[in-house]
Each structure stands twice: as C-alpha cells, then as structure tokens.
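# Architecture at a glance
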Amino acid sequence: MNLLSLVLGILISSIGLMFIFLYLNLFALGYNFWEYVHFISTRLECLLFFLGIIIIMFSLKGWIKSVLLLRPSSKFSR
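Below: a short report on this structure. (Residues numbered from 1 in each chain as written. Predicted model: local features only at pLDDT ≥ 70, side-chain atom pairs only at ≥ 80, totals over all residues. Heavy atoms only, no water.)

What follows is about the side chain of Ser59. Along the chain, Ser59 falls in helix α3 (residues 44-59). Not counting the four nearest positions on each side in its chain, Ser59 is found in contact with Asn2, Ser5 and Leu6. (Helix = DSSP H or I, 4+ residues; strand = E, 2+ residues; numbered from the N terminus. Contact = heavy atoms within 4.5 Å.)

Turning next to the packing of aromatic side chains. Geometrically, a pair of aromatic rings is defined through the distance of the ring centres and the angle of the planes. For the structure on display, the rule yields six aromatic pairs. Consider the rings of Tyr31 and Phe39, whose centres lie 6.4 Å apart with planes at 75°: the pair is edge-to-face. Exposure remark for Tyr31: the relative accessible area of 32% places this residue in the partly exposed category. (Phe/Tyr/Trp six-rings, centres within 6.5 Å; stacked < 30°, edge-to-face > 60°. Buried < 20%, exposed > 50% of the residue type's maximum accessible area, 1.4 Å probe, protein only.)

Among the surface-exposed residues, Leu17, Phe21, Leu24, Phe27, Leu29, Tyr31, Phe33 and Trp34 lie close enough to one another that they form a single nonpolar patch of about 860 Å² accessible area. Among the secondary structure elements, those contributing two or more residues to the nonpolar patch are α1 (2-22) and α2 (33-42). Mapped onto the fold, Tyr31 is located in the loop between α1 and α2. (Patch = residues over 30% accessible without salt bridge, like charges linked within 9 Å, V, L, I, M, F, W, Y side chains within 5 Å. Areas by Shrake-Rupley, 256 points an atom, 1.4 Å probe, with all protein chains shown as cover. Salt bridge = Lys/Arg side-chain N within 4 Å of Asp/Glu carboxyl O.)

Our next topic: the pattern of salt bridges. Taken as a whole, this structure holds one salt bridge when the rule is applied. Here Glu45 ties to Arg43 by a salt bridge, and the two come within 3.1 Å at their closest N and O atoms. Since its relative accessible area comes to 19%, Glu45 is described here as buried.

Its 21 residues give α1 an end-to-end C-alpha distance of 30 Å, which sits within 8% of 30 Å, the value for a rise of 1.5 Å per residue. Inspection of α1 places Ser5, Gly9, Ile12, Ser13, Gly16 and Ile20 among the buried residues, and these make up the whole buried set. End-on view of α1: buried residues confined to an arc of 95°, all on one side of the axis. Set apart from the buried face of α1 by more than 90 degrees, the exposed residues are Leu3, Leu4 and Phe21. (Expected span 1.5 Å × (residues − 1). Arc of directions from axis to C-beta.)

Now the structure itself:
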C-alpha cells in the first residue's frame, strides 16, 4: 500500500508540475509573477502538484519516523 501510494503521489505531482511549467509561457504574454501565481493557484491541474506532495508525505510517514528520526522499530527491538 505504501509503495502504491508513493508511486501514485509521484505521478500526480509530476502531472501538476508539468502544467506549472507549461503555464510559464504566460510570462511571454505579459503576465507578471503575482498574476502567474494567482493563475496557477486557481487551476485544478496545477494544484495536483501539491496533492501529490501530500500523498508522498503520508506514504513516507512511517519511513520518516523509523529511519530519519532513528527510532528503533518494534519489529527489530529486543
């Protein structure tokens, strides 16, 4: 389940990031930075990037607790 949610989060965030990069062409049309940020914050396909990041964070929650915080897991503790 964690591997599936990790792959799903990576796919969703990469689709959202692709649209964010595609909308960079708005700068050529005369948009400034704040208009660009406002535009991509209202587009659903750009918000997929943040949804994917949240899914990745939840799928890595157990790994972060056990490996990065150096807490021994209950499986291997004595």
